[in-house]
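# Fold and contact review
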Amino acid sequence: AQSVTQPDIHITVSEGASLELRCNYSYGATPYLFWYVQSPGQGLQLLLKYFSGDTLVQGIKGFEAEFKRSQSSFNLRKPSVHWSDAAEYFCAVGAGNKLVFGAGTILRVKS
Amino acid sequence: GAVVSQHPSRVICKSGTSVKIECRSLDFQATTMFWYRQFPKQSLMLMATSNEGSKATYEQGVEKDKFLINHASLTLSTLTVTSAHPEDSSFYICSASGGGAGELFFGEGSRLTVL
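The present account deals with the structure reproduced in this document. Values in this document were obtained by computation on a predicted structure and should not be read as measured data. The residue numbers shown here count from 1 along each chain, following its written sequence. Going through the entries in the order they are written, you letter the chains from A and number the ligands from 1. Given that this is a predicted model, residues contribute local features only at a pLDDT of at least 70 and side-chain atom pairs are listed and counted only at 80 or more, while totals for whole chains, interfaces and linings are drawn from all residues. As a convention, hydrogens and water are excluded, and side-chain values are obtained from all of the structure's heavy atoms.

### A short note on the layout of surface pockets
Residues are said to line a cavity or pocket when one of their atoms sits within 4 Å of a point; the points come from a 1 Å grid over protein atoms alone, cavities being sets where a 1.4 Å probe fits but cannot get out and pockets being open sets with protein on both sides within 12 Å along at least five of seven lines. Grid points are joined across faces, edges and corners, and a volume is the space filled by probe spheres set on the points. By volume, the largest pocket amounts to about 420 Å³. Val 37, Gly 43, Leu 44, Gln 45 and Leu 46 of chain A are the residues nearest the centre of the largest pocket, which is lined by 28 residues in total. Note on conventions: DSSP H or I runs of at least 4 residues are helices, E runs of at least 2 residues are strands, and numbering of each starts at the N terminus. Within the residue set of the lining of the largest pocket, elements represented by two or more residues are β5 (32–38), β6 (44–50) and β10 (87–95) of chain A together with β10 (104–106) of chain B. With four residues, β6 of chain A is the largest single contributor of residues to the lining of the largest pocket. The classification used treats Ala, Val, Leu, Ile, Met, Phe, Trp, Tyr, Cys and Pro as nonpolar, Asp, Glu, Lys and Arg as charged, and all other residues, Gly among them, as polar. Here the residues of the lining of the largest pocket are counted per class, giving 16 nonpolar, eight polar and four charged. Approximately 360 Å³ is the volume found for the second largest pocket.

And the structure:
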């Protein structure tokens, strides 16, 4: 069965510092991988996705993620975090037409 | 990107009443829509998959008689929480497929509070 693991429940970074959110997945076939961001009380916004091709994917708001098949990982990165990036981030793997989500990582940004 | 709209964004109801939540794809035809439920500080759990013109497919443990899903057109799916109880209070999010291969677009979510 498909599963997604986000090992960090909370992460706190200083504004301007770099960020990496970890995501590991389990899926038998070539995965479709996604990162979403959710602000409090809001729906989900797609940051980026990987379907195939270049394993380094660029997304919105300066985010990028790298697909590493050998590690079954799809970590999200940002070189310099802004206070407005504070939110909850979900990694997801596409299984057919469905998405299986990780538990989420709450990002706090300190000034 | 494609737009999915949910309505209402917040609803408060009395225990025992029924509540309907609408999910609309505004600029594309959604052959498949999904309903998720999100408990506080938890991830999204898929409740059911609805395909236009056919019965919804419910995930294990989801009561289909309690959570009625209708997908009567390519742009509208509805979730009706029947005889709501306080434990049904949650954040319900829909998503729609049809805007691109393997891609889903999410609504803004609907927060249900049952008193």
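Picking up after the structure, the text goes on.
### Observations regarding the interface of chain B and chain A
On the chain A side, the residues contacting the 22 residues of chain B number 18 residues. As used here, buried area is the combined drop in accessible area, with a 1.4 Å probe, of two parts when they are placed together. Between chain B and chain A, a total of about 1500 Å² is buried, with carbon and sulfur atoms accounting for 54% of that surface. When a carboxyl oxygen of Asp or Glu is within 4 Å of a side-chain nitrogen of Lys or Arg, the pair counts as a salt bridge. Scanning the region where chain B abuts chain A turns up zero salt bridges. Between N or O atoms, a polar contact is any pair within 3.5 Å; within protein, one atom must be a potential hydrogen donor and the other a potential acceptor, and residues adjacent in sequence are included only when both atoms are from side chains. For the pair chain B and chain A, the interface holds two residue pairs in polar contact (both at pLDDT 80 or more). Contact between two residues is taken to exist if any of their heavy atoms lie within 4.5 Å; hydrogens are not considered.

### So, the environment of Ser 14 of chain A
All names here are of chain A. Structurally, Ser 14 is set in strand β2 (residues 10–14). With 94 residues separating them along the chain, Ser 14 and Arg 108 place their C-alpha atoms 8.4 Å apart. Excluding anything up to four places from it in sequence, Ser 14 contacts Val 81, Val 109 and Lys 110.

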